[in-house]
Amino acid sequence: MTYLETIQSMFKHLHWANQRILETLQNGQENKKAINLFSHILHAENVWNTRLKGADSSHLPIWEEVSLESCVEMVNQNHHNYDELLSTLSNSNLDQLVSYKNSNGTEFNNSIRDILTHVALHGQYHRGQINQLLRAANKEPISVDYILFRR
């Protein structure tokens, strides 16, 4: 499996895991902290996609609270955006550098490979936090493990 194929699989997992978390949040008692973390994942996915396209992301929210209905739209839009992006990439351009400024205006340069890896891992980290919040609220956490996805 090439690195690009691995990244593509990681993004299929990302979407699957986002859908599982979304369904869990929709079918339970409202948990504002969990929804806030989930919307942060989705906002961050959008910010990174914007940067990968070479556009300015400084105006985009990263911690804005949104409704679950808005999360549904964001899950679908982010999935579409990353599917489109990943379909245009090849192994040879994964090391291409992307220049961007963070929300504080500091300039960075990272490879497409590193950015995509970061996006996949960032969401998994926060989905773990969401599961902790669900457990603390006496709700059953939802498994979003990559190995379960690959079964």
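Please refer to the structure higher up on the page.
Caption draft 1: Broad picture of the packing of aromatic side chains. Going through the model one piece at a time under the given rule, you end up with five aromatic pairs. Ring centres of W48 and Y100 lie 5.1 Å apart, and the angle between their planes is 75°; this geometry places the pair in the edge-to-face category. Here Y100 lies in strand β1 (residues 97-101) and W48 lies in helix α2 (residues 32-52), a separation of 52 residues in the sequence. Of the residues examined, W48 reaches a relative accessible area of 13% and is grouped as buried. Residue classification places Y100 among the buried residues on the basis of a relative accessible area of 10%. When the centroid spacing of 5.8 Å and the interplanar angle of 20° are considered together, the rings of Y100 and F108 count as stacked. Residue classification places F108 among the partly exposed positions, given a relative accessible area of 34%. Taken together, the ring pairs connect W16, Y146 and F149 into an aromatic cluster. It is R51 that lies over the ring of W48; its NZ or CZ is 4.5 Å from the centre.

Caption draft 2: Up close: unusual backbone geometry. The phi angle at N138 is positive, at roughly 60°, despite the residue not being glycine. Assignment of secondary structure puts N138 in the loop between α4 (112-136) and α5 (146-149). According to the relative accessible area criterion, N138 is exposed, its value standing at 71%.

What counts as what
Throughout this document, residue positions are counted from 1 along each chain, in the order its sequence is written. Local features in this predicted model are restricted to residues of pLDDT 70 or higher, and side-chain atom pairs are both shown and tallied only at a pLDDT of 80 or more, whereas totals for entire chains, interfaces and linings draw on every residue. As a rule here, side-chain values come from all non-hydrogen atoms in the structure, and water together with hydrogens is ignored. Ring pairs shown here join Phe, Tyr and Trp side chains whose ring centres sit within 6.5 Å, with only the six-membered ring taken for Trp; geometry is labelled stacked below 30 degrees between planes, edge-to-face above 60, and tilted in between. Secondary structure is summarised from DSSP: a helix means a run of H or I of at least four residues, a strand means a run of E of at least two, and numbering begins at the N terminus for each. For each residue, the accessible area found with a 1.4 Å probe, counting protein chains only, is set against the maximum for its type, and the residue is called buried under 20%, exposed over 50%, and partly exposed in between. Two conditions define a charge sitting above a ring: the NZ of Lys or the CZ of Arg must be within 6 Å of the ring centre, and it must be within 35 degrees of the ring normal.

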